[in-house]
Amino acid sequence: DQQVKQNSPSLSVQEGRISILNCDYTNSMFDYFLWYKKYPAEGPTFLISISSIKDKNEDGRFTVFLNKSAKHLSLHIVPSQPGDSAVYFCASGGSNYKLTFGKGTLLTVNP
Amino acid sequence: GAVVSQHPSWVICKSGTSVKIECRSLDFQATTMFWYRQFPKQSLMLMATSNEGSKATYEQGVEKDKFLINHASLTLSTLTVTSAHPEDSSFYICSASYYEQYFGPGTRLTVT
């Protein structure tokens, strides 16, 4: 049973526009959430996180929104740049520091 | 800061041999490290939690006798794939906790 779901395997946007990546989770024990960016044959790079006591966290071009009642989070990238093209993983964790990852969304930003 | 390294980055071994992968936290101490495995176009799957000075905690379905984990110091954890088989070929990634989880660059293992 997938506890963290990224239902869109891929997303394509135009440079300068907004990219919105979505993630749903089922485990109500998760209390913090993270987004990672990953290039092929490399380890994931931490982007941004949010704890369950917040509904929004912003860092430069990246904003993560959390809707606890819907068990949904999203990552907004604005403006999108070609260098943002990568696979984005949503991850959720609880008090034991273990992370559960979604399957990832391949973002392609076209010049 | 918060840099995690892995060695080797790529290894090819023959079926039946053992391979050791090292994970180091370069600029911080990590009492807990994690080992993940990623198959092509799939998510990162947690294999085990490595705790400094104690036994690793393995996830369900992961053979502890096949994937030996040692966390002998606060900056080093090792994963040894014993008696490797072609189905063990995969991308292995470690992470260490420092406020957030920071990941190593990964090790691509190919078993022939």
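We now turn to the structure provided with this report. (Residues numbered from 1 in each chain as written. Chains lettered and ligands numbered in written order. Predicted model: local features only at pLDDT ≥ 70, side-chain atom pairs only at ≥ 80, totals over all residues. Heavy atoms only, no water.)

**Thoughts on the overall build of chain A**
For clarity, the threshold we go by: In this text, helices come from DSSP runs of H or I with a minimum length of four residues, and strands from runs of E with a minimum of two, each type numbered from the N-terminal end. For a compact globule the rule gives 2.2 Å times the number of residues to the power 0.38, and the radius of gyration it is set against comes from C-alpha atoms.
Helix and strand counts for chain A come out as zero helices and 11 strands. What you see in chain A, going N to C, is helices and strands ordered as β-β-β-β-β-β-β-β-β-β-β. Against the compact-globule benchmark of 13 Å for 111 residues, chain A has a radius of gyration of 13 Å, which places it among compact chains. With the principal axes as the frame, chain A shows a C-alpha extent of 40 × 30 × 20 Å.

**Considering the interface of chain A and chain B**
As a reminder of what qualifies: Residue contacts are counted whenever heavy atoms from the two residues lie within 4.5 Å of one another. Note on definitions: buried area is the accessible-area loss of two parts on being combined, 1.4 Å probe, summed for both. For this document, the term salt bridge refers to a Lys or Arg side-chain nitrogen within 4 Å of an Asp or Glu carboxyl oxygen. Pairs of N or O atoms within 3.5 Å make up the polar contacts considered here, provided that, within protein, one atom can donate a hydrogen while the other can accept it, and that residues adjacent in sequence are counted only when both atoms are side-chain atoms. Residues are sorted three ways: Asp, Glu, Lys and Arg are charged, Ala, Val, Leu, Ile, Met, Phe, Trp, Tyr, Cys and Pro are nonpolar, and all the rest, Gly among them, are polar.
Taken together, the contact pairs 17 residues of chain A with 20 residues of chain B. With both chains or domains summed, chain A and chain B bury close to 1400 Å², and 60% of this area falls on carbon and sulfur atoms. Taken together, the links from chain A to chain B amount to zero salt bridges. Counting across the chain A and chain B interface gives five residue pairs in polar contact (both at pLDDT 80 or more). Of all the elements in the fold, those that place two or more residues in the side of chain A that touches chain B are strand E4 (32-38), strand E5 (45-51) and strand E10 (99-101) of chain A. Its residues assigned to classes, the side of chain A that touches chain B comprises nine nonpolar, four polar and four charged.

**Description of the side chain of Ser90(B)**
All names here are of chain B. Checked against the element boundaries, Ser-90 lands in strand E9 (residues 90-98). A polar contact is formed between the side chain of Ser-90 and the side chain of Arg-37, at a distance of 3.4 Å. Reaching out from Ser-90, the side chain makes a polar contact with the backbone oxygen of Gln-38 at a distance of 3.0 Å. Excluding residues that lie within four positions of it along the chain, Ser-90 makes contacts with Arg-37, Gln-38, Phe-39, Thr-107, Arg-108 and Leu-109.

**Details of a nonpolar patch on the surface**
In plain terms, the rule: The patch calculation keeps residues exceeding 30% relative accessible area without a salt bridge and links them within 9 Å when they carry like charges or within 5 Å when they are nonpolar (Val, Leu, Ile, Met, Phe, Trp, Tyr). In these tables, accessible area is a Shrake-Rupley quantity obtained with a 1.4 Å probe, and a residue counts as shielded only by the protein chains included in the view.
A surface patch of nonpolar side chains, about 230 Å² in accessible area, is lined by Ile18(A), Ile20(A) and Val78(A). One can find Val78(A) in the loop between strand E8 (72-77) and strand E9 (86-93).

**Digging into unusual backbone geometry**
The omega angle of the peptide bond from Val78(A) to Pro79(A) is -10°, so this bond is cis rather than trans. Within the fold, Pro79(A) resides in the loop between E8 and E9. Residue Pro8(B) follows His7(B) across a cis peptide bond; omega there is 0°. In this structure, Pro8(B) sits in the loop between strand E1 (4-7) and strand E2 (10-13).

**Remarks on the sheet that holds strand E8 (residues 76-81) of chain B**
All names here are of chain B. What counts, and what does not: Any two strands with at least two DSSP-identified bridges between them are counted as paired. Structural elements are reduced to axes, namely lines fitted to C-alpha atoms, with helices fitted over the stretch in contact, and the angle between N-to-C directions of any two is expressed from 0 to 180 degrees.
Spatially, E1-E3-E8-E7 is the arrangement adopted by the four strands of the open sheet, whose pairing is antiparallel. Single-partner strands in this sheet number two, and they are E1 and strand E7 (67-73). Neighbouring strand axes in the sheet, compared pairwise and without regard to direction, differ in orientation by 15° on average. In this sheet, strand E3 (residues 19-25) lies alongside E1 in antiparallel orientation, the contact comprising four bridges. Residue pairing for E3: His-7 is matched across the bridge by Glu-22.

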